Each structure stands twice: as C-alpha cells, then as structure tokens.
Amino acid sequence: MKRLLDIRSYSAVVAAVIAVLCCATAHAQVDASLSQYWTVPAYYNAAATGRTDFIHITAGSRLQWIGIKHAPMTFMALADMPFKLLNRRWGVGVRLQQESMGLYSSIQAGAQLSWKKKIFGGTLSVGIQPGILTETFKGSRRFIPEGDDAHTGDDDAIPSTDVNGTAFDISAGVMFEHKWFWAGFSSTHINAPSVTLKTEGDEEHLYEFNAGRLYYFLAGSNIPIKNTLFELQPSVLVGSDFNVWTATATFRVRYKKFLSAGVGYRYNDAVSIMVGADYKNFTFGYAYDYPTSAISRATHGSHEVFVSYNVKLDLGEKNRNSHRSIRIM
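Values in this document were obtained by computation on a predicted structure and should not be read as measured data.

So, how was this worked out
Residues numbered from 1 in each chain as written. Predicted model: local features only at pLDDT ≥ 70, side-chain atom pairs only at ≥ 80, totals over all residues. Heavy atoms only, no water. pLDDT = per-residue confidence, 0-100. Contact = heavy atoms within 4.5 Å. Pairing = 2+ DSSP bridges. Helix = DSSP H or I, 4+ residues; strand = E, 2+ residues; numbered from the N terminus. Salt bridge = Lys/Arg side-chain N within 4 Å of Asp/Glu carboxyl O. Buried < 20%, exposed > 50% of the residue type's maximum accessible area, 1.4 Å probe, protein only. Polar contact = N/O pair within 3.5 Å; in protein donor to acceptor, adjacent residues only side chain to side chain.

Summary statistics for the protein chain give a mean pLDDT of 84 and a share of 81% for residues scoring 70 or more. Here residues 1–28 scores under 50 on pLDDT; set against residues more than four positions off or in separate chains, the count is 76 contacts. Of the regions scoring below 50 in pLDDT, residues 319–329 engages in 39 contacts with residues more than four places distant in sequence or in other chains.

So, in structure tokens, the structure goes:
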C-alpha cells in the first residue's frame, strides 16, 4: 500500500520543535534567508552572473539559532564568469547548496546562464538556472519517546529507514544594473518540484516533499559621499510565495573600498550587525543575527560567514560593464 505524505512536517517532529518553526514557510525550508544577500545575488537570481571581468568564486555558511539542537545549518558555493559569444556578453555560473536540519537534509545544484544587453545607460540581464533538488530523511536514526501521544514506534507516518529522492528544478530572473544602482526580480523553483521519497522493504511507502514557487526582488546602490573616502550602500531583499512574505533592509558604510560595516532588519524575524573587508582579490564578510521573536529565549542568535575570491579575465577589451568597484554590492 502506498501512502503520500509530507515528510517535512514529520521530520520536524523527530528533529526538534525548532524544525516545526522552520516549516512555517517554504522560503525558510528551500532557500536560505541570508543577511548578506548582496554578496551572493546569483543565489536568488541567475541574471546576476558575469557582472564583472572576473571569475568570481564565493563560499559561505549560515548557522541558524545557535544553542538549539538540530537547528538548520546551510553551506553554499557559487562561481560565475563572463564570456563573449556572437559579439555579445554573457554570464555563466554554478550554484550549490547543502542544508541540514535534524534528520532532514537537502542539496540544491544548478547551472546558470545569463544574456546581457546595453539599454537606458545600463545593462539588462536575463538569466536561467536549470538544476536538481535532492531531499533526504535519516529515518534509521529516528527516536520516538515512550508515551508520545501523537506517534508510536510503529507509526509508518515517520520513515523508519533512510529515504531520499531527486527532482528537476528551474529558476529564472532579470536584473538591471546602472552606474549608481542595481535591481532584479526573480523566481526560484518555478516548476514547484515535487520530490518523492521511497522506503525499501516488503511494503512500500511513499513520502512527498513539495518545493513551493518563490519570488524575489533585490535592489541596492553605491552612493559615494562627496569629498570623502566613504560610500553608503543601502539594499533590500523581499521574498514571497504570495501567501507569506519576508523583507530585509540593510544599510552599510564602506571606507576606502576596504572596510565596511552595517546593520540590517528582517521583518518580524531578526536584527543584524555585519562587517566586511576587501583585500586584494579576497572579500570577507560576517553577519550576526539576533532574533526579535520569542525564539530569542532559546538561542544566542545566528552566524553567517562568506569568503569570495576574484580571478581577473582578459576579454580582449576594456570591461564595458565595469563599475567603480568590482563589488558594487
């Protein structure tokens, strides 16, 4: 007999109460809510690839809600570069993410391609990202306490063996970049992939995870302060599935294109402080989030770290898409 169930909800029961909180929205489950989103715009929008004459490589990690057992941990890596084809500039990249939460884990992998056109004094980019979404639940490690009123040890609503599955996933977006500002709109998991996870044995059970379609708007700017070595860098990220939404506003100051610091606020979630540094071809960024909700009673906050490296490319002519900084964001 086959049973079709939402494994994400049951993994939360086994993992911890914190996992239940994460199930509130698909956004928290599939795509990470990053405080340093401007560092990795291609994480949300494939059109953000190939923006400079560099091979741009970024790796980062987010440790959510330190002090709570089984809280989410996210690791990601992105790389992109420009190239020319048919006398036009393009961008290409890759995006990888691994997330774990209790007995649950997921992997996202995608290839990115963007097409660019000069228009209105800036550059319009259109990008697409085909990829895969893999979901895993370690049912062999489950533990159900005696006397649990909701579940028993033989409850097949919770897998007792390891299960996993993979589905095709696709995302796309557009971005417009000007000398003084940038803005983009994108949608991830456009096909709302459904991942089916199977158990093995005499009686087969099916568990299903559905990744909801999400929409994002990102925007920001570099504003030099006249006659100083300072730049103001405001930015915003809004995400929604048209049922729930989240919004993050950030304000940073950069000095001598070297050191930066700022604050951020994620609506009904957390406040952030962040610092960063650019040294030669390296960029370092750190953010600390403190929750503004009741969960602050159980956690010390969240930590997020990113490191980027740039390798200069020779495209045969001066970069027509260059900015005053290789990292406008």
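Structure shown, so let's carry the discussion forward.
Here 10 bridges tie strand S2 (residues 54–63) to strand S18 (residues 302–312), and the two strands are oriented antiparallel to one another. Bridging across to S18, Ile55 finds its partner in Val311. Pairing between S2 and strand S3 (residues 73–85): 8 bridges, direction antiparallel. Bridge pairing in S3 links Ser61 to Phe75.

This part takes up unusual backbone geometry. Unusually for a residue other than glycine, Lys256 sits at a positive phi of about 55 degrees. With respect to the helices and strands, the residue Lys256 is situated in the loop between strand S14 (245–255) and strand S15 (259–266). The backbone of Asn268 sits at a positive phi, close to 55 degrees, despite the residue not being glycine. In this structure, Asn268 sits in the loop between S15 and strand S16 (270–279).

On to the pattern of salt bridges. By the definition in use, this model includes 10 salt bridges. Across the pair Asp289 and Arg62 runs a salt bridge, and its minimum N-O distance is 2.7 Å. Of this pair, Asp289 sits in strand S17 (residues 282–291) while Arg62 sits in strand S2, placing them 227 residues apart in sequence. Here Arg62 falls in the buried class, since its relative accessible area comes to 5%. Measuring nitrogen to oxygen at the nearest pair gives 3.4 Å for the salt bridge that ties Asp289 to Arg266.

So, about the environment of Ile170. Examined against the element boundaries, Ile170 turns out to sit in strand S7 (residues 162–177). Residues Ile170 and Gly110, 60 residues apart in the sequence, show an inter-C-alpha distance of 8.1 Å.

Moving on, we get to the side chain of Gln64. Along the polypeptide, Gln64 turns up in the loop between S2 and S3. Among the residues examined, Gln64 registers a relative accessible area of 15% and is labelled buried. Polar contacts involving the side chain of Gln64 include one to the side chain of Arg62, which spans 2.7 Å. When residues no more than four places from it in sequence are discounted, the contact partners of Gln64 are Ala71, Pro72, Gly301 and Ser302.

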